[in-house]
Amino acid sequence: LRLSEEVQGYIAEWCPTGNLAKLSFIGHSMGGLVIRSALPHLQEYSDKMHLYMTLSSPHLGYMFNSGKLVNAGLWVLKKWKKSQSLQQLMMTDEKDPKDTFLFKASKLEGLTWFKH
């Protein structure tokens, strides 16, 4: 929600006459998920969406990671930090995987608005 408010504020400040031509997003790691979550709040600009690019974003989470070292590290971090974002990435924030943040985010509208 904060990203969408920032984008709307930027557009209002820099394109006050409504002459916004294109809107593109580039996100790295968790930034790609933040952008994806903000898209439904930017529906009024859906016809302006041009490029959505993410680099190393965990769109599928870490639920099925096969590396034992990575799994052990994530388990320790999850226990030590009590991080909600780690629970969401590991799809353990809800009992039913279909109720998890990442699964719900995969159903959000917005990605189809982009031309590239």
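Refer to the structure printed above.
Numbering of residues begins from 1 in every chain and follows the order in which that chain's sequence is written. Local features in this predicted model are restricted to residues whose pLDDT is 70 or higher, and side-chain atom pairs enter the listing and the counts only when it is 80 or higher, whereas totals over whole chains, interfaces and linings include all residues. Here the side-chain values reflect all heavy atoms present in the structure, with hydrogen atoms and water set aside.

## Points about the overall build of the protein chain
Right, on to step 1. Within the protein chain, the secondary structure is distributed over 5 helices and 2 strands.
Right, on to step 2. A run of H or I in DSSP counts as a helix once it spans at least four residues, and a run of E counts as a strand once it spans at least two, with each numbered from the N terminus. Helices and strands appear in the protein chain in the N-to-C order α-β-α-β-α-α-α.
Right, on to step 3. For the protein chain, the spread of C-alpha atoms along the principal axes amounts to about 55 × 25 × 25 Å.
Right, on to step 4. The burial tally for the protein chain puts 30% of its 116 residues in the buried class.
Right, on to step 5. Only four residue types enter the tally: Lys and Arg on the positive side, Asp and Glu on the negative side; His and the chain ends are excluded. In this description, the location of a charge corresponds to atom NZ of lysine, CZ of arginine, CG of aspartate or CD of glutamate. One finds the centroid of the 14 positive side-chain charges in the protein chain at a distance of 11 Å from the centroid of its 10 negative side-chain charges. Exposure categories follow from relative accessible area, calculated using a 1.4 Å probe and restricted to protein chains: below 20% of the type maximum is buried, above 50% is exposed, and the middle band is partly exposed.

## Quick look at the packing of aromatic side chains
Right, on to step 1. Two aromatic rings, drawn from Phe, Tyr or Trp (for Trp, its six-membered ring), form a pair once their centres lie within 6.5 Å of each other, and the interplanar angle then sorts them: stacked below 30 degrees, edge-to-face above 60, tilted otherwise. Across all of its chains, the model carries 3 aromatic pairs by this definition.
Right, on to step 2. Residues Tyr10 and Trp14 carry aromatic rings whose centres are separated by 6.1 Å and whose planes lie at 35° to one another, so their mutual orientation is tilted. Placement of the pair is Tyr10 and Trp14 together in helix H1 (residues 2-14), with a separation of 4 residues, close to one helical turn.
Right, on to step 3. Residue class for Tyr10 comes out exposed when judged on its relative accessible area of 53%.
Right, on to step 4. Between Tyr52 and Phe114, the ring centres sit 5.5 Å apart and the planes meet at 35°, which makes this aromatic pair tilted. Placement of Tyr52 in strand E2 (residues 49-55) and of Phe114 in the segment after helix H5 (101-106) is noted, with a sequence separation of 62 residues between them.

## Considering the nonpolar core
Right, on to step 1. To define a nonpolar core, start from buried Ala, Val, Leu, Ile, Met, Phe, Trp, Tyr and Cys residues and group those joined through side-chain atoms within 4.5 Å. Residues Ile11, Leu23, Phe25, Tyr45 and Met49 are the most contacted members of the largest nonpolar core, which totals 14 residues.
Right, on to step 2. When residues of this core are traced back to their parent elements, those giving at least two are H1, strand E1 (23-28) and E2.
Right, on to step 3. The criterion used for residue contact is that any of the two residues' heavy atoms lie within 4.5 Å. Apart from residues no more than four positions distant in its own chain, Leu23 is found in contact with Val7, Ile11, Tyr45, Lys48, Met49, His50, Leu51 and Phe114.

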